[in-house]
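Survey of secondary and tertiary structure
Below, each chain spelled out in residue letters.
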Amino acid sequence: MTDTRAPRAPADAPRPPRDPEAETGRGPRLVSRLADRVRVVPRADGGPGKTVRAELPL
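Residues numbered from 1 in each chain as written. Predicted model: local features only at pLDDT ≥ 70, side-chain atom pairs only at ≥ 80, totals over all residues. Heavy atoms only, no water.

**Observations regarding the confidence of the model for the protein**
In low-pLDDT segments, the atomic positions of the prediction should not be examined closely. Taken over all residues, the pLDDT of the protein has a mean of 77, while the share at 70 or more is 74%. Within the protein, the element-level pLDDT minimum falls on strand 1 (residues 2-3), averaging 70, and the maximum on strand 2 (residues 37-42), averaging 87. (pLDDT = per-residue confidence, 0-100. Helix = DSSP H or I, 4+ residues; strand = E, 2+ residues; numbered from the N terminus.)

Right, here's the structure in full:
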């Protein structure tokens, strides 16, 4: 998952969206719940934002 909106790293514990009816804002929370390990790295192309890499169990 790549986020081009901000250079900062996500919070240690992603929060649910403020509006439970919102259609966006659940990506980091879902990834953290499903993944064995999550890392945040700068974008490979040098652009703004970051890339979140997750390892999922097989």
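**A few points about the pattern of salt bridges**
Following the criterion strictly, the structure yields two salt bridges and no others. Here Arg-37 makes a salt bridge to Glu-55, at a shortest N to O gap of 2.6 Å. Of the two residues, Arg-37 sits in strand 2 while Glu-55 sits in strand 3 (residues 50-55), which places them 18 residues apart along the sequence. Here Arg-43 ties to Asp-45 by a salt bridge, and the two come within 2.6 Å at their closest N and O atoms. Of the residues examined, Asp-45 reaches a relative accessible area of 56% and is grouped as exposed. (Salt bridge = Lys/Arg side-chain N within 4 Å of Asp/Glu carboxyl O. Buried < 20%, exposed > 50% of the residue type's maximum accessible area, 1.4 Å probe, protein only.)

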